[in-house]
Every structure is written in structure tokens, then in C-alpha cells.
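Now for the letters of each chain:
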Amino acid sequence: MGKVTVSLIKADVGGYPGHVAVHRELKSEAERVLSEGKETGVIVDFHVLSAGDDLELVMSHYRGVDSEEVHRLAWSAFEAATARAKELKLYGAGQDLLSDAFSGNVRGMGPGVAELEFKERKSEPLVAFMMDKTEPGAFNLPMFKIFADPFNTAGLVIDPALHGGFRFEVWDIMEHRRVILSTPEEMYDLLALIGAKSRYVIKRVYPKEGHKIDSDEAVAVVSTEKLYQIAGEYVGKDDPVALVRSQSGLPALGEVLEAFAFPHLVSGWMRGSHNGPVMPVSFKDARCTRFDGPPRVVAAGFQLSNGRLVGPVDLFDDPGFDYTRRKALEVAEYMRRHGPFEPHRLPLEDMEYTTLPNVLKRLEERFERVE
Ligand code: 13P
Ligand code: 13P
Ligand code: MG
Ligand code: MG
């Protein structure tokens, strides 16, 4: 058996109601299309999930990253779901499908994509993370904690197999370039970049030379599609997804999840223009209600078995995260009280849309010079 690939591809093809959730008929449409793909051998296994108003396709196959067949299948699933969303007049039906025709790859066409190709180990635990109402840089802090922070990941200190550290591939999404940084040696350089999370985003994490996993085999990946850059205008936030492999020379599953025990502030929330805490929730609680939020993260845990996705386990469906959720709600309440003021509302350059140019134009004549 060659290398297995896990592809997590997502799109918002219509919210129900507003931007809150995904209607179950959209999921059945996607399931119907992916079942056909399984029968015809395009994919080995799949699960259709949802996080907030985002439809999430988790698929496994042996066709590698960026496979035209797999991307075409995902695109067909989104098209079928969009057709149903249009019938139901769901909100923003087809929102993330930015093109009318598939042309070989869904990247750059609206959907978010996270794919990992690897040699399936003797036991292969994998977590699929899905966020709603935020942007790819929201994964910077937890990815850093998982693979580089000894206060999060005990294994970095006490497990000889992790002690060497990891390599981070960071993308500058404005200039369309990337750089690889090694931790712990270059930890401060890495933080100097990824702290600016709207511009520098962690794309992949790799083991170092000498690790039992090949150093060119990514162990974590984040979707980094920037919708507004693709469409040139506001079409919804780029709600990101990520895949993280774990155990046996990688952070333990609990170390991977521990990074989400702190509900850090992320950009997105209402109208993609507000800062708020990201709250880890179960799938049944992944409905963005209050002020279209607060932003959420859900986690589906799998074991791979010869390409089969054994799972999912709803990993944040655990009282162990109640404290984090309570803290997130306190922070949400605190941030909300700022109303239209920064730093709740994003700074002007980061807002998805604004009335300011019009307001300024109208007031132009009334502005007076001051000494
Ligand atoms: P592994 O080294 O087998 O991943 O064990 C670590 C562990 O599970 C600690 O919780
Ligand atoms: P989505 O990006 O999840 O569609 O949310 C858009 C929005 O404007 C929420 O207020
Ligand atoms: Mg939406
Ligand atoms: Mg969304």
C-alpha cells in the first residue's frame, strides 16, 4: 500500500438561518455524492461534518495531495449542496464557490483545503480541526503551542523522540512567499512572524532530520485560502481547517487538544470585522448564534486503519473544556461591551467592509483645519 492522503475540504454553501449552521439536507446531498465517489474508488472513506455554517468533507484516499479526481469530487459535493441550498433559499447559497466551472483543483476557487499525505504508521491518530467565524491565522497560536511550547507539550521536554523540535513552514499571505523556521533554535524569529497573524500564517509543520517520520512528510497542515484575495471583495471569512497527526514521536493527542484550553482572541465574528475568543465546542454546539459567534473550533478525532477513517470522536464534547468555554463567554461579554470601538471592532485596514469612506466624503466640507 502506498502513502495515504487525508483531505479536509470545506466551503460555506449556504447558512441556516443566516450564518448560524448547515441544514441537514446539504449534508445528505454531500454524503450522496461522496458515497458515489467511494463506490467508484475515487476515495476510500469519508465523513461529512459541519462547523457553524461551513460544510466539511473529510476524505481519505491514495491519490496524493491536490488530486484532480478528489478535488472534482469535493466540488461536485459542494455543487449538489448548493443546489439544495438554493431551493431552500438558505443564506449566501453557493457563497464560497467563486467559479462556475471546476478546472482541476479547488484551491483558489473558494473552498478551504488541508491535505496530508503520509505513510500510515502502525497506529495513526489524527485530529481534524474546523473553525467558524475566523481566519487561517487563528491556528498560529495553537499550532505553535502544540509543536513548540514546552509549557503546553510536555513531550518536548521529557520525550527523547520530540526533544529535537520541529520545523514550521510559514506563509506570508500578502507577498505570496514562504519561509521554513526551526524550533527551538529559531523560536523568537518564528514568533516575530506568526504573532502578526493576519499576514504570516503557519501552513505546515514537519519533523526534523533524524525523526522516525521522514522530514519531508508534514505532520500538520492548515488551510490558508484567503477568500477576499481570491474574490477581490468581501465574500465571508476564510473559516479555516487543519489536520494534525499525533502520538509516537509527535505530540500526544491530549497535548494537541491542550493548545485549545486557552480561548485566545481571533479576528472574524460578526461581519468578519471583530475580535473575539475562539471557543472549543462539541459538534452539536457548533452553532454561531450570539453576534454570529463567538468564533468556534470543533475537533474530530480519528484512527486511520488502512485508509479507513475510524471515528469520529467529538473531542471537545468533554466537561474538561467547560472552564475554557466559561472563560470564552466572559471574554466574549467583555469584548462585546466595546460595541463599535477597537479593539473589539478590527482596525480599519483589517475590516471586511466599512462605511468610513462615505462618511468622510459626506463630512468633507464640514472638516476644518486645526493648528
Ligand atoms: P507515545 O509516545 O506512544 O505517543 O505516548 C505518549 C502518550 O500517550 C502520553 O500521554
Ligand atoms: P461566515 O464567513 O461564516 O459566512 O460568516 C460571515 C459573517 O458575516 C458573520 O457575521
Ligand atoms: Mg456564511
Ligand atoms: Mg462560516
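Data block above holds the structure.
Residues numbered from 1 in each chain as written. Chains lettered and ligands numbered in written order. Predicted model: local features only at pLDDT ≥ 70, side-chain atom pairs only at ≥ 80, totals over all residues. Heavy atoms only, no water.

Things to note about the packing of aromatic side chains
For the structure on display, the rule yields nine aromatic pairs. With a centroid separation of 6.3 Å and 35 degrees between ring planes, the pair formed by phenylalanine 129 and phenylalanine 316 is classed as tilted. Taken together, the residues span a long stretch of sequence, with phenylalanine 129 in strand E5 (residues 124-132) and phenylalanine 316 in the loop between strand E15 (308-314) and helix H8 (322-336) at a distance of 187 residues. Across this residue pair, the class does not change: phenylalanine 129 and phenylalanine 316 are buried. Through a chain of ring-to-ring contacts, the aromatic side chains of Phe129, Phe139, Phe260, Phe316 and Phe321 assemble into a single cluster. Its guanidinium or amino end placed over the ring of tryptophan 171, lysine 203 lies 4.9 Å from that ring's centre, counting from NZ or CZ. (Phe/Tyr/Trp six-rings, centres within 6.5 Å; stacked < 30°, edge-to-face > 60°. Helix = DSSP H or I, 4+ residues; strand = E, 2+ residues; numbered from the N terminus. Buried < 20%, exposed > 50% of the residue type's maximum accessible area, 1.4 Å probe, protein only. Lys NZ or Arg CZ within 6 Å of the ring centre and 35° of its normal.)

Considerations on the site of ligand 1
Taken together, Gln247, Ser248 and Ala252 make up the full set of residues adjacent to ligand 1. Between ligand 1 and glutamine 247, the relevant distance is 2.5 Å, taken from an oxygen atom to a side-chain nitrogen or oxygen of the residue. At 2.6 Å from an oxygen atom of ligand 1 is found a main-chain nitrogen or oxygen belonging to serine 248. Protein coverage of the free-state accessible area of ligand 1, which is 300 Å², stands at 38%. (Near = heavy atom within 4 Å. Polar contact = N/O pair within 3.5 Å; in protein donor to acceptor, adjacent residues only side chain to side chain. Areas by Shrake-Rupley, 256 points an atom, 1.4 Å probe, with all protein chains shown as cover.)

Topic: the side chain of aspartate 96
You can see aspartate 96 is positioned in the loop between helix H2 (68-87) and strand E4 (112-118). Here aspartate 96 occupies a buried position and makes no salt bridge, while the nearest side chain of opposite charge, lysine 10, is found at 4.1 Å. (Lys, Arg positive; Asp, Glu negative; His and termini not counted. Salt bridge = Lys/Arg side-chain N within 4 Å of Asp/Glu carboxyl O.)

Concerning the coordination of the magnesium ion (ligand 4)
On the protein side, the magnesium ion (ligand 4) has Asp53 (OD), Asp54 (OD), Asp132 (OD) and Asp239 (OD) as donor atoms, found 2.1 to 2.8 Å from it. A distance of 4.4 Å spans the gap from the magnesium ion (ligand 4) to the magnesium ion (ligand 3), which aspartate 53 bridges by coordinating each metal. Taken together, the positions of aspartate 132 in strand E5 and aspartate 239 in the loop between helix H6 (227-231) and strand E10 (241-245) put the pair 107 residues apart, joining distant regions of the chain. By relative accessible area, which is 0% here, aspartate 132 ends up buried. (Donors = N, O, S within 2.8 Å, 3.2 Å for Na, K, Ca; no water.)

As for helix H5 (residues 187-194)
Along H5, the positions that sit buried rather than exposed are Met187, Leu190 and Ile194. Along the axis of H5, the buried residues cluster in a sector spanning 60 degrees; they form a single face. Away from the buried face of H5 by more than 90 degrees, exposed residues Tyr188 and Ala192 are located. On its buried side, H5 packs onto helix H3 (140-148), strand E6 (166-172), strand E7 (177-182) and strand E8 (200-207). (Arc of directions from axis to C-beta. Contact = heavy atoms within 4.5 Å.)

Observations concerning the coordination of the magnesium ion (ligand 3)
Every protein donor of the magnesium ion (ligand 3) is listed here as Asp12 (OD), His19 (ND1) and Asp53 (OD), and their distances to the metal cover 2.0 to 2.2 Å. The sequence pattern describing where the donors of the magnesium ion (ligand 3) fall on their chain is D-x6-H-x33-D.

Focus on the pairing of E5
With nine of nine residues buried, E5 lies mostly within the body of the structure. Side chains of E5 alternate between two faces, with Glu124, Leu126, Ala128, Met130 and Asp132 and Pro125, Val127, Phe129 and Met131 buried alike. In this sheet, E10 lies alongside E5 in antiparallel orientation, the contact comprising five bridges. In the sheet register, alanine 128 faces E10, and the bridge partner there is leucine 243. (Pairing = 2+ DSSP bridges.)

Describing the sheet that holds E4
Read across the open sheet, the four strands follow the order E2-E3-E1-E4; overall the sheet is antiparallel. Among the strands making up the open sheet, the edge pair consists of strand E2 (45-51) and E4. Going from strand to strand, the sheet's axes swing by 15 degrees on average, the running direction of each strand aside. One ladder, built from seven bridges, connects strand E1 (residues 4-11) with E4; its direction is antiparallel. The residue of E4 that forms the bridge with valine 6 is leucine 116. Against the sheet, helix H1 (residues 24-39) contacts E2 and strand E3 (54-61), and its axis sits at roughly 165 degrees relative to E2. (Axes fitted to C-alpha atoms, helices over the stretch in contact; angles between N-to-C directions.)

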